[in-house]
Amino acid sequence: MVGSKLQGKEIIFLAYQSLGTAFAVLSISPIYVYKVTFSGKLRDYQTEDVVFGVCSLIFWTLTLVSLSKYVIIMLTADDNGEGGTFALYSLLCRHAKFGLLPNYQTADEEISTYYSPNYSLRSTPSSRFRRSIERLKRRKTLLLLLVLFGASLGVTFGALTPAISVLSSIEGVQTRVTSFNKRSVIAIASVVLIGLFVLQHRGTYRAAFVFAPIMILWSLSIAAVGIYNIIVWNPNVYKALYPYYIVEFFRHTGIDGWISLGGVLLCVTGTEVMFAELGYFSAASVRIAFFCVTYPCLVLQYLGQAAFLSKNFTAFPRSFYASIPDPLFWPFFAMAVLAAIIASETVISAACSLVKQSHALGCFPRVKILHTSRWIKGRIYVPELNWILMILCLAVAVGFRDTNRIAYAFAFAWILKAFVTTWLMSLVIHLVWHKNLAVTIPFFLLFGSIETIYFSSACLKIPKGAWVPLFLSLLFTFVMYIWHYATRKKYKFDLHNKVPMKWILTLGPTLGVLRVPGIGLFYTELATGIPATFAHFLSNLPAFYQVAVFVCVKTVSVPHVPHKERYLIGRIGPKSYGLYRCIVRNGYKDVHRKDDDLENDLIMSIAEFIQLESEGCGTLDGSMDGWMAVVRTSEKFGTRLAVSESDDPTIGYSSSVSDSMGCSCSKSAALKKLHSIYVKESSHLTCYRGRIYHFELLETKFKNPQVKEELLHLVEAQHAGVTYVMGHSQVKAKSNSSFLKKFAINAVYSFLSENCRSPAVALNIPQVCLIEVGMKYHVV
């Protein structure tokens with residue numbers, strides 16, 4: 001949760017909610033941890049000390065990694081309440097010049113969410129290590145690749161988690177129904193998985209009320225069974241908490257014990273979700289939920305399974321379900337399936353969020369993003385990704401047909417993700433928290449050494465299935481980086497070929513063409529200067545609109561930009577030219593709905609800018625392309641124009657202009673009639689979104705009559721209609737480029753751009769009001 005301080009009741013309620021999503025994956029791990037750990041040669045070591053040794057490894061891994069690293073340390077490294085890989089990267093980009101996002105402006109640092117209240121960014125000395133990264137673009141690129149690789153692993157979890165959780169939970173039926181073969185298990189699991197992905201579009205917005213009770217009941221139930229097994233089978237199992245049994249475990253098992261560490265690692269898989277989902281809750285609520293419910297329940301369950309296995313060595317293949325008392329088997333089976341579905345749904349939703357953040361940072365092709373919640377901001381669904389993950393998940397489940405092999409892949413993916421997190425967190429401790437190396441190095445060595453031990457064991461499982469997440473994550477990273485590389489090259493081409501202001505000024509107020517009534521919103525990626533596509537437009541069409549607004553939609557390295565600080569408005573050239581610039585600043589986690597009205601906000605913001613400029617807040621008439629204002633911070637915002645809303649597109653058009661202006665409109669009666677008919681016929685299209693806005697100038701006394709005249713000019717243009725102009729680009733590598741660059745641009749990027757959503761669709765621009773200007777880019 002971003003922003004305000006939470007009260008005690010709110011924190012408790014958020015802790016209750018977090019148990020239904022943030023800890024779902026972690027809570028279902030007891031189903032398969034012991035089963036996978038004892039799946040190899042370790043099952044031949046049928047002694048109590050070996051079982052206690054595995055239990056001790058699980059306890060200390062859960063304590064050191066999940067509790068110490070994530071709950072105590074990682075949750076402190078939030079980015080305005082948000083967690084995850086991109087949150088760490090965003091912190092680093094704001095504290096040092098590590099980012100590769102284009103269109104950086106000093107004004108971005110004035111956003112209220114740019115500076116965290118927990119630590120100051122201003123006047124901090126620059127370390128030698130920081131300067132070494134800032135100087136070399138190659139090191140920035142390596143950091144970005146590390147972040148993209150971590151994000152790709154998170155997306156891969158969306159295919160692996162449903163496969164192992166659903167398959168493991170359904171496999172339990174074989175404990176009681178011996179005639180239920182593996183083929184039947186795969187068939188039922190496939191049906192459940194297909195249903196899970198098909199219904200994914202309904203979202204997780206009810207998770208706080210539906211999922212949380214199920215997961216709480218599940219956690220308390222497995223803890224109760226754990227206590228039962230401790231009392232009935234081996235009350236001395238508490239001794240397994242002593243690290244002494246870890247030493248005894250490796251002394252007895254040797255290399256076989258080291259190879260089995262991949263199974264032990266499964267006890268902490270899902271911990272990353274807790275950090276990634278932080279933005280929906282709070283650090284305090286997540287800590288309360290973990291300390292009071294999840295952690296003690298998991299410890300009791302693992303101890304109970306160890307007590308049961310220490311007296312039933314033949315139960316290794318079905319350790320969890322075999323330890324359930326007979327009268328409670330079927331209720332536990334039903335709860336396990338439901339818990340697996342909840343965990344899978346949560347991870348899929350997290351994967352969609354990662355793709356959205358990657359796209360916002362210019363590292364993923366344009367995809368369709370749908371909102372699944374009307375009340376909870378940020379709950380999204382990406383159809384393209386959902387179906388890709390469904391195909392991959394079914395391929396893993398049906399292809400491997402073995403939970404052990406899927407578990408190897410899952411554990412290997414998680415340890416790679418843990419490595420990425422440790423590296424990024426070490427940089428955050430040193431560069432964001434400004435701690436010296438005496439603090440940074442111990443953190444890195446402690447958790448890095450633990451992860452290295454587990455990684456060395458997990459690497460042995462690469463031929464047995466662990467190659468799948470490695471291949472998929474590298475493939476996603478490749479796609480992300482190619483898209484980022486080509487997008488950045490395209491931006492540099494625009495920046496290098498932008499039109500000089502002298503050329504615009506020599507054209508005069510008419511720009512050398514006929515200025516017709518209306519507003520033209522010209523979309524560009526440039527935050528300064530005039531794009532070449534505008535000159536291309538003027539050279540091919542003999543007319544342009546009386547009011548032209550150059551709109552730049554960009555992402556700032558903050559999770560959220562407050563709505564009142566989102567729009568930067570400025571003027572281009574003298575007032576008589578009617579040229580404005582609007583920079584729309586979004587955070588990497590900001591998600592906008594289809595009913596968000598950019599057009600309305602822009603007109604209101606421009607009207608406010610005109611008034612602010614007249615009051616001496618801006619530059620003089622004739623300015624080139626300078627001062628810009630965040631107009632929504634003004635106390636008088638919205639007091640210049642009145643907005644009326646109507647479902648009938650013909651109401652108010654013919655009269656509102658003349659009423660507001662006190663004069664006849666510049667359009668003839670015939671043109672008014674034609675426009676009215678056109679609007680009425682087009683009202684069902686997305687251009688009007690079912691809502692028609694009409695602006696009128698309020699009866700306000702203006703000190704400067706030119707301000708009133710300019711506002712009337714803006715109102716008249718709005719009534720004439722708004723048109724969107726975008727560049728339709730084709731990017732190609734130059735003939736003298738290397739083979740790799742030609743392959744990346746001409747093959748990969750071209751394929752991705754032709755098969756992804758168009759920029760107009762991604763920005764919710766109505767097709768009926770769109771003009772596209774063709775441009776060909778030849779990049780190096």
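Visitor: What am I meant to see in the environment of S344 here?
Guide: The residue S344 is located in helix α16 (residues 329-360) in this model. Judged by its relative accessible area of 0%, S344 falls in the buried class. In this view, S344 contacts T161, P162, S165, V166 and L196; residues no more than four positions away in its chain are not counted. Of note is the side chain of S344, whose polar atom sits 3.0 Å from the side chain of S165.

Visitor: I keep staring at the confidence of the model for the chain and nothing clicks. Help me out?
Guide: Residues shown with low pLDDT carry predicted positions that ought not to be read at fine detail. Overall, the prediction assigns the chain a mean pLDDT of 84, with 85% of residues at 70 or greater. Taken as a whole, residues 618-624 scores under 50 in pLDDT and shows 16 contacts with residues more than four places along the chain or in a different chain. This model gives residues 681-690 a pLDDT under 50, and the stretch forms 17 contacts once residues within four places in sequence are excluded.

Visitor: What is the right way to look at a positive patch on the surface in this model?
Guide: Together, R128, R131, R135 and R139 make up a positively charged patch on the protein surface. With 3 residues, helix α6 (residues 128-135) is the largest single contributor of residues to the positive patch. Given the relative accessible area of 35%, R131 is considered partly exposed.

Visitor: Before we go on, may I ask you to explain the packing of helix α7 (residues 137-171) against helix α8 (residues 182-198) in this structure?
Guide: In helix packing, the relevant descriptors are the interaxial angle and the interaxial distance, both defined with respect to the helix axes. The N-to-C vectors of α7 and α8 enclose an angle of 135°; their axes lie 9 Å apart at closest approach. Between α7 and α8, the angle falls in the class oblique. The crossing of α7 and α8 is right-handed. Counted together, G158, P162, A163, V166, L167, I170 and E171 of α7 and V185, I186, I188, A189, V192, L193, L196 and F197 of α8 form the full contact between these two elements.

Visitor: Where do I start with the nonpolar core in this structure?
Guide: Ranked by size, the top nonpolar core spans 173 residues in total, and within it F23, Y34, W218 and W414 carry the most contacts. Per-element tally for this core: the top contributor is helix α18 (residues 403-431), with 19 residues. For F23, the residues in contact, after removing those within four places along its chain, are S18, M274, V286, A289, F290 and T294. If you look at the next biggest cluster of nonpolar residues, it comprises 35 residues, including I519, V549, I569 and I606.

About the criteria used
- Every residue gets a number counted from 1 within its own chain, in the order that chain's sequence is written.
- Two thresholds apply to this predicted model, a pLDDT of at least 70 for residue-level local features and 80 or more for giving and counting side-chain atom pairs, whereas whole-chain, interface and lining totals are computed over all residues.
- Excluded from the side-chain calculations are hydrogens and water; all other atoms, namely the structure's heavy atoms, are used.
- For the purposes of this entry, the term helix denotes a DSSP run of H or I that reaches at least four residues, the term strand denotes a run of E that reaches at least two, and both are numbered from the N terminus.
- Three labels apply to residues, based on accessible area from a 1.4 Å probe with only protein chains included: buried if under 20% of the type maximum, exposed if over 50%, partly exposed otherwise in between.
- For this analysis, residues touch if any pair of their heavy atoms sits within 4.5 Å.
- Counting of polar contacts relies on pairs of N or O atoms within 3.5 Å, with two restrictions inside protein: one atom must be capable of donating a hydrogen and the other of accepting it, and residues adjacent in sequence are counted only when both atoms are side-chain atoms.
- Per-residue confidence from the predictor is reported as pLDDT, which spans 0 to 100.
- Only residues whose relative accessible area exceeds 30% and that form no salt bridge are eligible for patches; like-charged ones are grouped when within 9 Å, while nonpolar side chains (Val, Leu, Ile, Met, Phe, Trp, Tyr) are grouped when within 5 Å.
- Shrake-Rupley sampling with a 1.4 Å probe provides the accessible areas, and residues are treated as covered by the protein chains on show and by no other component.
- By convention in these notes, a salt bridge is any Lys or Arg side-chain nitrogen within 4 Å of a carboxyl oxygen on Asp or Glu.
- Residues counted as positive are Lys and Arg, residues counted as negative are Asp and Glu, and His and the chain ends are not counted.
- The location of each charge is read from NZ of Lys, CZ of Arg, CG of Asp or CD of Glu.
- Angles here are taken between N-to-C directions and fall from 0 to 180 degrees, while the axes themselves are lines fitted to C-alpha atoms, restricted in helices to the stretch in contact.
- Note that the term roughly parallel is reserved for angles under 35 degrees, roughly antiparallel for angles over 145, roughly perpendicular for angles of 65 to 115, and oblique for everything else.
- Handedness of a crossing is defined here by the sense of rotation of the near helix relative to the far one, left-handed for an anticlockwise turn of less than a right angle and right-handed for a clockwise turn.
- Here the nonpolar core consists of buried residues drawn from Ala, Val, Leu, Ile, Met, Phe, Trp, Tyr and Cys, with membership extended through side-chain atoms lying within 4.5 Å.

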